[in-house]
Every structure is written in structure tokens, then in C-alpha cells.
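# Architecture and fold: a report
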Number of protein chains: 2
Amino acid sequence: MSRRPVFIISDRSGLTAETLSHTLLSQFPDTGFQQRALPFIDSHEKAREAVETINRAGEAAGCRPLVFTTFVDEAFNETLDTAEAEIFDLLSPFIARMERVLGQPSSHKPGQSHSISDFKEYTNRIDAVNFAMHCDDGLHPADYSKASLILIGASRSGKTPTCLYLALHFGFYAANYPLTEEDFSGSRLPEPLMPFRDKAFGLTIDPLRLHQIRTERRPGSEYASLGRCREDVAQAETMFRRNNIPFCDSTNFSVEELGSTIKHQMGLVSSLY
Amino acid sequence: MSRRPVFIISDRSGLTAETLSHTLLSQFPDTGFQQRALPFIDSHEKAREAVETINRAGEAAGCRPLVFTTFVDEAFNETLDTAEAEIFDLLSPFIARMERVLGQPSSHKPGQSHSISDFKEYTNRIDAVNFAMHCDDGLHPADYSKASLILIGASRSGKTPTCLYLALHFGFYAANYPLTEEDFSGSRLPEPLMPFRDKAFGLTIDPLRLHQIRTERRPGSEYASLGRCREDVAQAETMFRRNNIPFCDSTNFSVEELGSTIKHQMGLVSSLY
């Protein structure tokens with residue numbers, strides 16, 4: 001049988017629909033889905049075209065498509081309802097109940113969530129990304145006073161992508177500092193981190209996984225050898241423990257999970273979420 | 001009146017709950033909310049503690065908290081239901097209907113969505129972030145053959161954060177190339193971009209906004225002057241039009257909206273969404 005067509009449809013970027021439908025579909029790992037996003041469906045003409053696209057896909061696949069929608073303008077839902085498909089309206093049921101609970105109507109304005117609705121907040125988020133780039137890989141420690149947090153760990157333990165995620169998603173000023181052999185000579189924190197112990201968070205990783213990652217970058221090098229990876233990880237963990245630096249293991253955690261864990265454990269507050 | 005407490009609760013990172021609840025709350029812009037995330041609530045003891053936290057917050061604020069949950073293990077929902085709060089279960093109603101439509105039970109495994117459920121896919125996403133850093137700001141054009149797309153535009157038009165978002169979120173290999181005065185001498189594409197015209201996408205921006213952004217970085221400079229910003233934007237747009245490069249305006253678009261627009265307009269397919 002063909003994979004079942006899935007459409008993710010919104011009057012703006014469709015990011016909310018994408019996130020929730022991805023979670024829902026991941027609960028059916030044995031079913032083959034063929035996903036397609038139709039963002040920016042913001043006119044009745046586009047909604048009617050979407051219905052045709054959905055119907056054609058259903059006929060071609062021989063089964064009813066699943067359609068996930070996040071329209072704020074409910075008139076578009078009515079058009080979509082004419083499609084030969086299972087429509088999952090991801091917003092309206094909750095909005096209706098919130099209106100009752102809060103005793104006020106919703107704004108019905110689309111794209112309030114992922115748009116630049118608060119200009120200052122958005123600018124801060126972009127500044128945070130620039131900061132993460134500026135303070136990547138131990139660069140510019142003189143600017144650590146501006147940091148929300150400083151990720152530390154062995155080279156290639158996942159610091160950079162995690163910092164970029166923390167900046168992009170939460171607007172945190174996330175610096176990162178790689179621990180190298182010279183940092184391991186004592187058990188003390190490296191000099192540039194000393195005044196900022198409270199901002200430090202450690203990342204560790206399974207040495208075998210680190211060996212794989214380093215091997216991709218520098219095959220056959222001493223840097224990538226399993227022995228060296230074991231040593232670097234052990235030294236980093238010792239440093240975290242002796243200095244009471246909270247840390248977590250990036251081996252089986254995605255940047256999203258690491259980001260949530262770090263935010264939660266450090267008690268960081270984002271103006272965004 | 002105190003702001004109404006809002007809790008975002010999940011057995012994993014809570015990212016899905018965060019995204020959907022943010023969208024829902026943004027539809028009530030005039031109501032003050034006090035948001036708090038309680039991720040990783042993965043035991044009955046933690047669920048009971050969450051209930052206590054919710055009840056205390058409700059008493060302190062003098063109104064019923066809103067609680068958004070994305071538990072995959074439905075037993076935790078039952079515990080949460082004992083809280084003196086309005087519980088919005090964001091998953092169960094949809095999962096139940098999908099089970100009926102698809103004729104099969106859901107896996108009920110938490111964290112399938114934002115976790116490293118597909119190791120190869122996750123590694124690709126991290127490699128994409130490394131590529132975006134490696135090919136930021138015109139660096140390493142020799143590697144453009146590996147790029148999924150190349151963002152071009154005047155300095156500070158929003159290329160870097162957009163590329164990092166495209167890499168982190170979709171796993172696209174996004175390079176970016178800044179257009180400078182020397183590129184504007186003719187209307188031809190800059191040399192390094194010539195062989196990759198089909199991968200190019202332009203970003204433009206309101207010259208006044210560009211002037212503000214550049215002024216923050218280099219106050220009073222010729223680079224930041226309004227005249228220079230107007231000239232750079234006009235030249236960039238001329239280049240996009242003469243070379244049939246699709247482009248969009250970053251002035252009022254967030255990185256999420258730019259990302260969805262670029263993906264959609266270029267017909268890029270992500271293995272993630």
C-alpha cells in the first residue's frame with residue numbers, strides 16, 4: 001500500500017502544526033506517512049487549491065489523507081472541511097475552551113506565535129544568536145559577564161549546537177568553552193571560567209560516541225583515538241564534580257532535550273517560553 | 001489582579017506543549033499570564049509534586065491556573081486531573097482519533113518527537129549546523145557544492161540566524177554569502193555563486209531597519225549610514241531581479257517564518273518535517 005498522505009496546513013508558517021503533528025505521527029512509528037507542508041494558506045482561493053491537492057493525493061494513494069490545520073481564521077477550516085480527508089483542527093477546540101475559561105474572545109489574528117509580535121524580544125533573540133557565535137569555542141571570554149550561561153566540555157561533546165539552540169529558541173546568551181589538555185593539569189576550573197562558576201554547565205558524552213564523532217573529523221589522529229576520548233571525558237567529569245558544576249550527558253539527548261534540561265536545571269527564565 | 005498562572009507539563013522536554021500553548025496564549029494578548037515549564041515529569045511522585053505546585057500557584061494568584069500537558073503515558077494525566085486547575089490535554093484527544101482512523105494502537109512511548117529517535121537523521125542535523133558555521137558570511141565557497149541552499153543579501157540582512165535555524169530545525173546545509181560593494185560593480189552574480197544560481201535565495205530588508213541594526217554595531221560609520229543602507233539594499237534587489245533569484249523581505253519576518261517561506265519557495269524537502 002502507498003504511504004498515507006499527511007498535510008500540514010496553516011495560514012502562517014505552519015510551525016505549530018508541524019511540531020504537534022510530528023509528535024502525533026511519531027506515536028505511530030510503524031505506519032508509513034508521506035508528509036507535505038502547505039504553509040501561508042491565507043485566502044479562500046489558496047484553501048480551495050489545498051482541498052484539490054489533498055483530494056488528488058488521497059486518490060493517488062488509495063486512502064484518506066490526514067490533514068492537520070492551525071487556522072486562526074475559522075472560515076478557512078470550513079473550506080478545508082470539504083476535502084475527502086480526516087481533518088485534525090489543532091487549535092479551535094482549545095481556543096473555544098480558553099475563551100470560556102478566560103471569559104473573553106480570542107484575537108483571531110494569525111501568526112502571533114512565531115512572528116515578530118514583540119520587536120524588542122525578537123531583537124534580543126537575534127542578539128543572542130550573534131553572542132553565541134561571538135563566544136563559540138572559547139572565543140572572547142572577556143564578554144562572559146554578558147552570558148546567561150557557559151557550556152563547558154571536551155571538544156565535540158555537543159556544546160556549539162546546544163548553545164545555538166538555546167540562543168535561537170529561548171534568547172539565552174549562551175557561550176561555550178572547550179576543555180583541553182592544558183585545562184586538565186589541575187582539578188581547578190580554567191582561569192576564564194573562575195569568576196563565572198555559577199553560569200557554568202557541563203556536557204559529557206559516551207567516550208565511544210566521542211571517538212566516532214572525532215574520527216569523522218580527523219580520522220586516525222591521536223585526538224580521535226578512543227584512549228584520548230576516554231581520558232578527556234574522565235577528566236572533564238572529574239572537573240565538573242570537584243567544582244560542583246551541574247552537567248548532563250549529550251550522548252542520547254537531542255539539542256531540544258539538552259536545551260530544556262539545562263534551562264530547567266539552571267532555573268533560567270526566558271521571556272519567550 | 002495577579003497574572004494567571006500557566007503550567008506547561010510533559011514527561012519529556014515539553015517542547016511540543018510549549019509550542020502549542022505559546023500559540024494558544026498568543027491569541028489572548030490582553031491577558032497577563034505567568035508561564036512556568038515543568039518538563040521531565042516522568043514518575044507518579046513528580047506528577048503529585050506538580051499538582052501541589054499548581055495548587056499553590058492558583059491559591060497565590062486567586063484564580064485557576066491553566067495547565068497544558070503532553071503526556072504520552074495517560075496515567076500521569078489522571079494524577080494531573082486532581083489539580084485545582086483547567087487542564088488542557090494537548091495529545092490524547094488527537095491520539096485517540098488517530099488510533100480509530102489508522103486502525104492501530106499508538107506506541108505510547110514518550111519523547112519520540114524531539115529525541116534522537118533516528119540517529120542518522122540527528123547526526124545529519126548536527127552536521128548541518130557545523131556546515132552553516134563553516135560556510136557563514138562567505139567563508140569556504142569551495143564547499144558550496146554540498147549546500148542545500150545559499151542565502152545572499154547585504155550585510156546584516158538576517159542571513160546568519162536564518163541559516164542556523166534552517167540547519168537546526170530542518171537539517172538543511174545552509175551557506176550564506178554577504179553582498180558587498182565589490183559585488184555590486186556589475187549586475188552579474190558574484191563569481192563564487194555563478195555555478196550555484198539554483199541554490200541561491202535572496203534576503204532583503206527595509207533600509208531604515210538595516211540602518212538601525214548597523215548603527216548598533218558601528219555607530220556613526222559610513223557602513224551604517226542611511227544612504228549606504230539604501231544603496232546596498234537597492235543594489236542587492238537589482239541583482240536578485242536580474243538573475244531571477246527568488247527573495248523575501250526579512251524586516252517583519254521572524255527566522256521561523258523566513259525558514260518556512262524559503263523551504264516552501266525553494267521546494268526543499270526535509271527528512272524531519
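Before going into details, it helps to say that this report is about the structure given with it. Residue positions within a chain follow its written sequence, with the count starting from 1. Starting at A for chains and at 1 for ligands, labels are handed out in the order in which the entities are written. In keeping with the model being predicted, local features are shown solely for residues with a pLDDT of at least 70 and side-chain atom pairs are shown and tallied solely at 80 or more, while totals for entire chains, interfaces and linings include all residues. For the side-chain quantities, the full set of heavy atoms in the structure was used; hydrogens and water were omitted.

### With respect to the relation of the copies chain A and chain B
The atoms used to superpose the copies are C-alpha atoms, taken from residues with pLDDT of at least 70 in both, and the fit is least squares. If you rotate chain A by 180 degrees and push it 0.0 Å along the axis, it lands on chain B with an RMSD of 0.0 Å. Such a combination of rotation and displacement between the chain copies is what one expects of a two-fold axis. Taken together, the interface assignments show that 100% of the residues at the interface of chain A recur at the interface of chain B, consistent with an identical surface on both copies. In what follows, a contact means two residues having at least one pair of non-hydrogen atoms within 4.5 Å.

### So, the sheet that holds strand β5 (residues 149-154) of chain A
All names here are of chain A. In this analysis, strands are considered paired if DSSP registers two or more bridges between them. Starting at the N terminus, helices and strands are each numbered in turn, a helix being any DSSP run of H or I of at least four residues and a strand any DSSP run of E of at least two. Ordered in space as β6-β5-β7-β8, the four strands form an open sheet in which the pairing is parallel. The open sheet has two edge strands with one neighbour each: β6 (174-179) and β8 (247-249). Strand-to-strand twist across the sheet, computed as the mean angle between neighbouring axes with direction ignored, equals 25 degrees. Sheet topology note: the β5/strand β7 (residues 200-204) ladder contains three bridges and is parallel. Across the sheet, the residue bridging to Ile 152 is Gly 202, located in β7. Simply put, an axis is a line fit to the C-alpha atoms, just over the touching stretch for a helix, and the angle between two N-to-C directions goes from 0 to 180 degrees. Against the sheet, helix α9 (residues 255-266) engages β5, β7 and β8, with an angle of about 145 degrees to β7.

### Points about the packing of aromatic side chains
Working definition: a ring pair exists when centres of Phe, Tyr or Trp rings (six-membered ring for Trp) sit within 6.5 Å. Plane angles under 30 degrees give stacked, over 60 give edge-to-face, the rest tilted. In the structure shown here, the tally under the stated rule is 19 aromatic pairs over all chains. Relative to Phe253(B), the ring of Phe40(A) lies with its centre 6.4 Å away and its plane at 5 degrees, an arrangement referred to as stacked. Residue Phe40(A) is found in the loop between β2 (33-38) and α2 (44-61), and its partner Phe253(B) is found in the loop between β8 (247-249) and α9 (255-266); the two belong to separate chains. Throughout this description, buried means an accessible area under 20% of the type-specific maximum (1.4 Å probe, protein chains only), exposed means over 50%, and partly exposed covers the range between. According to the relative accessible area criterion, Phe40(A) is buried, its value standing at 15%. Relative to Phe170(A), the ring of Tyr165(A) has its centre 6.1 Å away and its plane inclined at 85 degrees; by these criteria the two rings are edge-to-face. What makes Phe170(A) buried here is its relative accessible area of 2%. The structure contains a cluster of three or more aromatic residues connected by ring pairs, namely Phe68(A), Phe88(A), Phe94(A), Phe68(B), Phe88(B) and Phe94(B).

### Considering helix α2 (residues 44-61) of chain B
All names here are of chain B. Working rule for helices: expected span equals 1.5 Å times residues minus one. Between the first and last C-alpha of α2 there are 26 Å, a value that for 18 residues agrees with the 26 Å anticipated at 1.5 Å per step. Turning to α2, its buried residues number three or more, namely Ala 47, Ala 50, Val 51, Thr 53, Ile 54, Gly 58 and Ala 61. Along α2, the residues classed as buried sweep out an arc of 165 degrees about the axis, all on the same side. Exposed side chains of α2 directed beyond 90 degrees from the buried face belong to Glu 45, Arg 56, Glu 59 and Ala 60. Looking at the packing, one finds that the buried side of α2 touches β1 (4-10), β2 (33-38), β3 (66-70) and α3 (74-80). Downstream of α2 by a residue or two, Gly 62 has a phi angle that is positive, lying close to 75 degrees. Regarding the arc, it is the one traced by the directions from the helix axis to the C-beta atoms.

### Comments concerning the interface of chain A and chain B
Between chain A and chain B, the residue contacts involve 83 residues of the former and 83 residues of the latter. Put simply, buried area is how much 1.4 Å-probe accessible surface two parts lose in total, over both of them, once they are put together. In this assembly, chain A packs against chain B so that about 7500 Å² is buried in total across both faces, 66% of it on carbon and sulfur atoms. When the buried surface of chain A facing chain B is broken down by residue, Gln27(A), Phe28(A) and Phe94(A) rank first, second and third, together holding 10% of it. Any carboxyl oxygen of Asp or Glu that lies within 4 Å of a side-chain nitrogen of Lys or Arg is treated as forming a salt bridge with it. Seen at the junction of chain A and chain B, the total is six salt bridges. Among the salt bridges present, the one from Glu256(B) reaches Arg125(A), with a minimum N-O distance of 2.9 Å. In the analysis that follows, any N or O atom pair within 3.5 Å is treated as a polar contact, provided that within protein one partner can donate a hydrogen and the other can accept it, and provided that, for residues neighboring in sequence, both atoms belong to side chains. Our count for the chain A to chain B interface comes out at 21 residue pairs in polar contact (both at pLDDT 80 or more). Only Asp, Glu, Lys and Arg are considered charged, only Ala, Val, Leu, Ile, Met, Phe, Trp, Tyr, Cys and Pro nonpolar, and every remaining residue, Gly among them, polar. Among the residues forming the side of chain A that touches chain B, the class breakdown is 38 nonpolar, 27 polar and 18 charged.

### Points about helix α1 (residues 15-25) of chain B
With 11 of 11 residues buried, α1(B) is to be regarded as a mostly interior element. The set of residues buried in α1(B) consists of Leu15(B), Thr16(B), Ala17(B), Glu18(B), Thr19(B), Leu20(B), Ser21(B), His22(B), Thr23(B), Leu24(B) and Leu25(B).

### Focus on the pattern of salt bridges
All names here are of chain A. The tally for this structure, following the rule as stated, stands at 24 salt bridges over all chains. As a salt-bridge pair, Glu 84 and Arg 64 come within 3.6 Å of each other at their nearest N and O atoms. Of this pair, Glu 84 sits in the loop between α3 (74-80) and β4 (86-89) while Arg 64 sits in the loop between α2 and β3 (66-70), and the two are 20 residues apart along the sequence. Here the salt bridges share partners, and the residues they tie into one network are Glu 181, Arg 214, Glu 222, Arg 228 and Asp 232.

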